[in-house]
Amino acid sequence: VLHDGDEGVTLVVRDVKAKRSKTLAEVDAASRSPVHVFYGGADRYGADTSAKAGRIALATLSTYAPNVKAFEEIFGIDGSPAGAIYDATKAKLAAEPVEDLRIDFEDGYGFRTDAEEDADAVRTANELAETLRTGSITPFSGFRVKAYSAETRGRSKRTLEIFLATLLKATNGKLPDNFAVTLPKVTAKKEVGSFCRDLKRIERKSGLKHDSIKIEIMIEHPLAIIDRKGNIALRGLIEAAEGRCVAAHFGAYDHTASLGIAPSYQDISHPACDFARQMMLLSLMPLGIRLSDSVTPQMPVAIHRGEKLSAAQIAENKASVHAGLRIHFRNITRSMSQGFYQSWDLHPNQLIARYAAVYAFFLKTLDEQAARLRSFVEKATQATLTGNAFDDAATAMGIVNFLRQGLDCGALSEAQIKKATGLTA
């Protein structure tokens, strides 16, 4: 809607569900998409986790990729953007190493006594509240409970209640911005519905507005994609959340295991995973659900520890770190090429590959894509030929989406887009 008032023309987007209008600036601020989710077991989480992860990643970068040339060799980034990508990666690790942090009470935590998990739920909630108090909280945050299946629902619900009650008490009833609770191993709508009903009761008890607590669901089991009757299940899972669900995360290794694929062939690039991701993309992207891909299990870590290492051990450490970084970089790039602009990091060193891949994905082709878009805009009523690429309206829309994704995840700035395309964001 365009309002031509005393202060000029203002673009306003009408949010029908919220029954209010948002200015374009508000929409832009709300559109940021995290490029990853950083998972860590609840037993290891503390208020300094994000900063500590950044320090570890920077130290690893300094040791194993101390200059642009070494960085290029690891990731195969050739040409002029390499220096910019390297500098941007270093700056990101120093300023904001973790965008989305998830305190994990599931696979990354395991099964413990009730007393131990109760204590960790209280402690981690207070630690998260401390980051909110000090302003060091990550832009997105939350925690993952155990599945809502019959075997673990009781424990999951108990952790859910303890964590949220402790957090809200420590923050005087305030939830962090972009806060979500992750529900894993979903197999049926009833699990999502039951989970959301429990959240609704917590909201009422805590004096929170309805739908304040958002959720993410994990697509790890074949029944989350195609149900027992042969119907596509994905949209029904989102509908069962009744507006609470903001993201869906794919779990490649649980998924391939559920399909009976041998462990040595379980991989994020397996065709079964490609099919699952495309089903998620087709079913959930039109609903505005943020999609996240899975993990790279090979960690970029040194094999040998200690100060007095032999030349052979130093070489083995270098090979191990480089190999882990390289495969994670490749997996992230592949995920983004398939429309999944977020995926998981499990170790601080993976953050190096994370930001290298994200910045390379957008910066390497920015000039080419911008030139094609400029050409199309200049000849908006006809298809154009730029080099050997024939562009029609659909292609131009794809380029706009590419630039928008780069802007939303922070890989591109508004100034870069304006300079490259001649267009404002």
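All of these numbers come straight from a predicted model, not from anything done at the bench.

Draft legend 1. Just the confidence of the model for the chain, in detail. Summary statistics for the chain give a mean pLDDT of 91 and a share of 91% for residues scoring 70 or more. Across residues 1–30 the pLDDT falls below 50, and counting only partners more than four positions away or on other chains, this stretch makes 32 contacts in the model.

Draft legend 2. Representation of the side chain of Glu203 within the structure. Here Glu203 lies in helix H7 (residues 189–206). Assessed through its relative accessible area of 1%, Glu203 is described here as buried. At 2.7 Å, the side chain of Glu203 forms a polar contact with the side chain of Arg244. Leaving out residues up to four positions away in the same chain, Glu203 has contacts with Leu208, Lys209, His210, Asp211, Ser212, Ile213 and Arg244.

Draft legend 3. Focus on the nonpolar core. One finds Phe75, Phe143, Leu160, Val192 and Ile217 to be the most contacted residues of the largest nonpolar core, which totals 101 residues. Top contributing element to this core by residue count: helix H12 (residues 350–363), with twelve residues. Excluding its chain neighbours within four sequence positions, the residues that come into contact with Phe75 are Leu325, Arg326, Phe329, Ile352, Ala353 and Ala356. In this structure, Tyr39, Met218, Val295 and Trp344 belong to the second largest nonpolar core, which totals five residues.

Draft legend 4. Seen up close, the packing of aromatic side chains. Per the counting criterion, the structure on display carries 16 aromatic pairs. Ring geometry for Phe105 against Phe143: centres 6.4 Å apart, planes inclined by 85°, an arrangement best described as edge-to-face. With Phe105 in the loop between strand E5 (100–104) and helix H5 (114–134) and Phe143 in strand E6 (residues 140–144), the pair connects residues that are 38 residues apart, well separated along the chain. Assessed through its relative accessible area of 0%, Phe105 is described here as buried. Relative accessible area serves as the criterion here: at 0%, Phe143 is assigned to the buried category. A centroid spacing of 5.1 Å and a plane angle of 80° characterise the contact between Tyr148 and Phe195, whose relative ring orientation is edge-to-face. Note that Tyr148 is positioned in the loop between E6 and helix H6 (153–170) and Phe195 in helix H7, a separation of 47 residues in sequence. For the pair formed by Tyr148 and Phe195, the shared burial category is buried. Members of the aromatic cluster, joined through ring pairs, are Phe105, Tyr109, Phe143, Phe163 and Phe179. Taking NZ or CZ as reference, Arg112 lies 4.2 Å from the ring centre of Tyr109, over its face.

Draft legend 5. How the structure looks around the pattern of salt bridges. Inspection of the entire model under this criterion finds 33 salt bridges. A salt bridge links Arg112 to Glu116; the nearest nitrogen and oxygen atoms lie 2.9 Å apart. Taking relative accessible area as the criterion, Glu116 reaches 34% and is therefore assigned partly exposed. Asp211 is paired through a salt bridge with Arg244; the nearest N and O atoms lie 3.7 Å apart. Of the two residues, Asp211 sits in the loop between H7 and strand E8 (214–219) while Arg244 sits in the loop between helix H8 (234–240) and strand E9 (245–250), which places them 33 residues apart along the sequence. The two residues Asp211 and Arg244 agree in class, both being buried.

Draft legend 6. Molecular detail of unusual backbone geometry. Look at Asn178: it is not a glycine, yet its phi comes out positive at around 55°. Residue placement: Asn178 occurs in the loop between H6 and strand E7 (179–183). Classification of Asn178 as partly exposed rests on a relative accessible area of 44%. Despite not being glycine, Glu242 has its phi angle at roughly 50°, a positive value. Note that Glu242 resides in the loop between H8 and E9.

Draft legend 7. Representation of the pairing of E5 within the structure. Counted residue by residue, E5 has five buried out of five residues, so it is predominantly covered. Neither face of E5 is open: one carries Asp100, Arg102 and Asp104, the other Leu101 and Ile103, and all of them are buried. Examined bridge by bridge, strand E4 (residues 36–41) and E5 share four bridges and lie parallel to one another. Considered in E5, the bridge of Gly40 is made with Ile103. With H5 bridging E5 and the parallel E6, this β-α-β connection has right-handed handedness.

What counts and how
- Residues numbered from 1 in each chain as written.
- Predicted model: local features only at pLDDT ≥ 70, side-chain atom pairs only at ≥ 80, totals over all residues.
- Heavy atoms only, no water.
- pLDDT = per-residue confidence, 0-100.
- Contact = heavy atoms within 4.5 Å.
- Helix = DSSP H or I, 4+ residues; strand = E, 2+ residues; numbered from the N terminus.
- Buried < 20%, exposed > 50% of the residue type's maximum accessible area, 1.4 Å probe, protein only.
- Polar contact = N/O pair within 3.5 Å; in protein donor to acceptor, adjacent residues only side chain to side chain.
- Core = buried A, V, L, I, M, F, W, Y, C linked by side-chain atoms within 4.5 Å.
- Phe/Tyr/Trp six-rings, centres within 6.5 Å; stacked < 30°, edge-to-face > 60°.
- Lys NZ or Arg CZ within 6 Å of the ring centre and 35° of its normal.
- Salt bridge = Lys/Arg side-chain N within 4 Å of Asp/Glu carboxyl O.
- Pairing = 2+ DSSP bridges.
- Right-handed = clockwise from strand over helix to strand, strands pointing away.

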